[in-house]
Amino acid sequence: MSNLKTLLKQAAKPLLFLLTFIFICAFLAHYLTGEETLLEYARNNPELAYGTQTDGGDIPNPGTSSDIGSQLPEKNLTAPDESPLSETTPASSTDKNPDFSAVSESGASVTPDVSDTYTETNGRTPDSPDSDSEENAGDNAKPAEEFNTMEQHPNRVTYEEGFYYEPLTESVKQRITGISYPESGCTVPYEDLNYVGLMYIDFEGQEQTGELICNKAIAQDMVEIFHELYRNDYRLESVRLIDEYDGDDTASMAENNTSCFNYRVVDGTSNLSKHAYGLAIDVNPYYNPYVVFHRNEDGSDYISPPGSEIYADRSQSFAYKIDENDLCYRLFTEHGFTWGGNWNSTKDYQHFQKTLK
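Residues numbered from 1 in each chain as written. Predicted model: local features only at pLDDT ≥ 70, side-chain atom pairs only at ≥ 80, totals over all residues. Heavy atoms only, no water.

A closer look at the sheet that holds strand β10 (residues 280–282)
Inclusion rule: Paired strands are those between which DSSP finds at least two bridges. Helical segments are the DSSP runs of H or I of at least four residues, strand segments are the runs of E of at least two, and each set is numbered from the N terminus.
The sheet built from 3 strands is open, its strands ordered β10-β15-β13 with antiparallel pairing. Every interior strand has two partners, whereas the edge strands, β10 and β13 (338–339), have only one.

As structure tokens, then:
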């Protein structure tokens, strides 16, 4: 018996030494290296271990944290103090001078224009005494419900419910004659034009009725394109005839109105614009401005309309921006239109036009 006790005592010493050594190693590993067990990690980091939501909120959607549209109010913008603003007087409501020209079917020289310069109004204080206010433009605009009561042409072509085109009725001719359509000297006959009725979704997400006048050669394109925009909830602020703004492109563009036909020449030339033939359209023009590089006397870029300077930076992401990833761009180009945003010395991001073959 005494021999057994002696053996146990002798075995206990190295065993105790081994256990003590293991404990010391574990102690040093935990407190000197800072390692945690999985259980300790889970207790100390429940939001990671168990997928719980922290106070940081949801992960931001791609493109929202730095979007211009999320940082700035819509339309009633003034350029930042550090941004070079144009000191030049905005051009008249005729087209700007583009850097190339085309020939119309009739053989007349047609310069593919960019959209007109226009003065900031939009319900804000006008930048020039000649500009119309939003209130005045609103008084001129025809309520959407009145479109359905207008005279219907017997040759109306209906693409889908709410989307149709037809030759100009007498009532439409009366509306535009002397405004977008000159009483004399107009080389584009009424018969070359079509009235287009359409539906669109406005900036508040409400369904609205719009109207365009375009060349009859692109009327089918128009109903197909705008139907797809409508189906995809593409937002347009206003789609009214330029005549609702007394034929003033400045007032129409400043109100972010999408429009097509207006018989006018390119600024500084005697060449008719594509708008004069009903072969060009400007879409959401306030958010897709007209830019002429190095046009100002100090060598800075000319950007129009006033207040939209920040939207000339197309590297930024913001609402209503037309670029090559935009549905509007894809639809128009698929239908054979060219985009002013692809021009060289000027950029007209709102402008699409088509050349007749």
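So, next bit.
Overview of helix α8 (residues 219–231)
Filter applied, for reference: Given the number of residues in a helix, its expected span is that number minus one, multiplied by 1.5 Å. Exposure categories follow from relative accessible area, calculated using a 1.4 Å probe and restricted to protein chains: below 20% of the type maximum is buried, above 50% is exposed, and the middle band is partly exposed.
With 13 residues, α8 extends 18 Å from end C-alpha to end C-alpha; this agrees with the ideal 18 Å at 1.5 Å per step. For α8, the complete set of buried residues consists of A219, D221, M222, V223, I225, F226, H227 and L229. D233, located one to two residues past α8, shows a positive phi value of around 60°.

Section: the sheet that holds strand β14 (residues 346–348)
Our working definition: Fitted lines through C-alpha atoms give the axes, limited to the stretch in contact for helices. The angle between two N-to-C directions lies from 0 to 180 degrees.
Strand order in the open sheet made by the 3 strands is β12-β11-β14, with antiparallel pairing throughout. At either margin of the open sheet sits one strand with a lone partner, and together these are β12 (302–304) and β14. Taken over all neighbouring pairs, the strand axes of this sheet differ in orientation by 5° on average, direction set aside. Here 3 bridges tie strand β11 (residues 290–292) to β12, and the two strands are oriented antiparallel to one another. Across the sheet, V291 pairs through a bridge with I303, a residue of β12.

Re the pairing of strand β3 (residues 157–160)
Moving residue by residue along a regular strand, the side chains alternate between the two faces of the sheet. The pairing of β3 with strand β4 (residues 163–167) spans 3 bridges and is classified as antiparallel. Paired with E160 across the strands is F163, a residue of β4. In this antiparallel pair of consecutive strands, β3 and β4, the connection spans 2 residues, and G162 shows a positive phi of 90°.

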